[in-house]
Amino acid sequence: MAKDIIHIKTISEYHKRNGLAKPQHPLVSVINFNDIIYTPDFNLNVTHGFYCIALKHLIDGKMKYGQQEYDFDEGVLAFIAPNQIMRIESVNQQFNHSGWLLIFHPDFLWGTNLAKKIKQYDFFGYDLKEALHLSEKEEDMLTIIFHSINNEYISNIDKFSQDVIISQIELLLIYSERFYQRQFITRNKFNYSILERFDTLLNDYFKNENMLSKGLPTVKNLSNSINLSPNYLSKLLKTITGKSTQEFIHEKVIELAKDKLSTTELSVNEIAFSLGFEHPQSFGKLFKKKTELTPLEFRKAFN
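The rules we used
Residues numbered from 1 in each chain as written. Predicted model: local features only at pLDDT ≥ 70, side-chain atom pairs only at ≥ 80, totals over all residues. Heavy atoms only, no water. Helix = DSSP H or I, 4+ residues; strand = E, 2+ residues; numbered from the N terminus. Buried < 20%, exposed > 50% of the residue type's maximum accessible area, 1.4 Å probe, protein only. Contact = heavy atoms within 4.5 Å. pLDDT = per-residue confidence, 0-100. Phe/Tyr/Trp six-rings, centres within 6.5 Å; stacked < 30°, edge-to-face > 60°. Lys NZ or Arg CZ within 6 Å of the ring centre and 35° of its normal. Axes fitted to C-alpha atoms, helices over the stretch in contact; angles between N-to-C directions. Parallel < 35°, antiparallel > 145°, perpendicular 65-115°, else oblique. Nonpolar A, V, L, I, M, F, W, Y, C, P; charged D, E, K, R; others polar. Core = buried A, V, L, I, M, F, W, Y, C linked by side-chain atoms within 4.5 Å. 1 Å grid on protein atoms, 1.4 Å probe; cavity = no way out; pocket = protein on both sides within 12 Å on 5 of 7 lines; lining within 4 Å. Points joined across faces, edges and corners; volume = space filled by probe spheres on them. Salt bridge = Lys/Arg side-chain N within 4 Å of Asp/Glu carboxyl O.

Caption draft 1: Summary view of the side chain of Ser244. With respect to the secondary-structure elements, Ser244 resides in the loop between helix H8 (230-241) and helix H9 (245-263). Given a relative accessible area of 15%, Ser244 falls into the buried group. Look past the residues within four positions of Ser244 in its chain and what remains in contact with it is Ser234 and Lys238.

Caption draft 2: Representation of the confidence of the model for the chain in the model. Overall, the prediction assigns the chain a mean pLDDT of 84, with 86% of residues at 70 or greater. Confidence over residues 59-72 falls short of pLDDT 50; this stretch has 51 contacts with residues more than four positions distant or in other chains.

Caption draft 3: Structural context of the packing of aromatic side chains. Enumeration according to the criterion identifies 19 aromatic pairs in this entry. On the basis of an interplanar angle of 85° and a centroid distance of 6.2 Å, the ring pair of Tyr14 and Phe50 is categorised as edge-to-face. In this pair, Tyr14 is assigned in helix H1 (residues 11-17) and Phe50 in the loop between strand E3 (43-48) and strand E4 (51-59), connecting sequence segments 36 residues apart. Judged by centre distance (5.6 Å) and plane angle (15°), the rings of Phe123 and Tyr180 are stacked. With Phe123 in the loop between helix H2 (114-117) and strand E10 (132-133) and Tyr180 in helix H4 (residues 161-186), this pair connects stretches of sequence that are 57 residues apart. Here Tyr180 falls in the buried class, since its relative accessible area comes to 2%. Connected via pairs of aromatic rings, a cluster forms that spans Tyr51, Phe79, Phe104, Tyr121, Phe123, Phe124, Tyr126, Tyr180, Phe184 and Tyr232. Positioned over the ring face of Phe248 is Lys243, at 5.5 Å from the centre of the ring.

Caption draft 4: Here's a closer look at the packing of H8 against H9. At a minimum axis distance of 8 Å, the contact between H8 and H9 shows a crossing angle of 70°. Taken together, the axes of H8 and H9 lie roughly perpendicular to each other. Facing Leu233, Ser234, Leu237, Lys238 and Thr241 of H8, the residues of H9 in contact are Thr245, Glu247 and Phe248. For the contact of H8 with H9, a count of residues per class yields three nonpolar, three polar and two charged.

Caption draft 5: Layout of the nonpolar core. Judged by nonpolar contacts, the single largest core of 65 residues is most densely connected at Ile53, Leu102, Phe104, Phe124 and Leu173. In terms of residues, this core owes the most to one element, H4, which gives eight residues. Setting aside chain neighbours within four positions, we find Leu173 in contact with Ile53, Phe79, Leu114, Ile118, Tyr121, Phe123 and Phe124. Counting residues in each nonpolar core, the second largest holds 19 residues, with Tyr14, Val46, Ile80 and Met86 among its members.

Caption draft 6: Representation of empty space enclosed by the protein in the model. Per the stated rule, a full pass over the model turns up one cavity of 30 Å³ or more. If you add up the space inside the largest cavity, you get close to 40 Å³. If you go around the largest cavity, the residues you meet are His25, Val28, Glu152, Tyr153, Ile157, Ser161 and Ile165. Of all elements in the fold, only helix H3 (136-154) and H4 reach the threshold of two or more residues within the lining of the largest cavity. Tallied by class, the residues present in the lining of the largest cavity amount to four nonpolar, two polar and one charged.

Caption draft 7: Here's a closer look at the environment of Phe108. The topology assignment puts Phe108 in the loop between strand E9 (96-104) and H2. Note: C-alpha distance between Phe108 and Ile166 (58 residues apart in sequence) is 8.7 Å. Beyond its immediate sequence surroundings of up to four residues, Phe108 is in contact with His25, Leu27, Val28, Gln162, Ile165, Ile166 and Ile169.

Caption draft 8: Seen up close, the pattern of salt bridges. Considering all chains together, one arrives at seven salt bridges under this definition. Between Glu138 and Arg182 there is a salt bridge, with its nearest N and O atoms 2.7 Å apart. With Glu138 in helix H3 and Arg182 in helix H4, this residue pair connects regions lying 44 residues apart in the sequence. Classification of Glu138 as buried rests on a relative accessible area of 9%. On the basis of relative accessible area, Arg182 is assigned to the partly exposed category, the value being 25%. Between Lys238 and Glu247 there is a salt bridge; the shortest N-O distance is 3.4 Å. Under the relative-accessibility criterion, Lys238 is labelled partly exposed at 39%. Several salt bridges converge on common partners, so that one network encompasses Asp122, Glu177 and Lys235.

Right under this line is the structure:
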């Protein structure tokens, strides 16, 4: 089992490590997974110095991302941001991918609108277990885009090449955002089970004095407890409820604060500390922002 993290800095290094021919361009590459041969029972902890978008099936075996095992019978689309740690291991003697891999260095986007816009796509912060599961129609549409990028990639490079490839990458990302929204909406049973787990977890946190002594619950800790990435959990909650994870936390804080202010004689400072705030001023600021009243103004309304 690999103990160290392998950092693959460049496109050329990725090609060399996977037995591929030299890339046509130093900052971007399109790879057919059929051209990559994996050895049985391999184990890797790896990061990349570039973006990766993989459209793939898994054939002749299974693969582990982290602690979960996957056999991609249907097409999936996975997104990996630069320097995102990824653990991969095969669990079968036979292992191979089919599909396409697009990799591009951040420098390839330099000076373009996509250089800033790409950071708005939350799915680059999702875990691999949260990959986009595609319908047959969706996969066909995205495969066409991969083929279009590849056709441009293998053509002679000229002054239009970068603009054409980047426009195709943008189209790929727009469709991916659309298909993720579909996934959030159509997986109702899974989504609402997550919502129930999250609500229970949040309620239990505020009932636990030991937890509250460590401060307010964080988006990261709550998402880890549900085994989802912070970005994925927040987008899922936003899609089905209109509220992000942070908004859920704040709503729970205000709900509990109103109860304590209206039914107890605890001071505002005592209430703030009981809800996990280190500084009462932060509690007062949040309460005023959410209710347009100070905690004392709210309490006076019940006297």
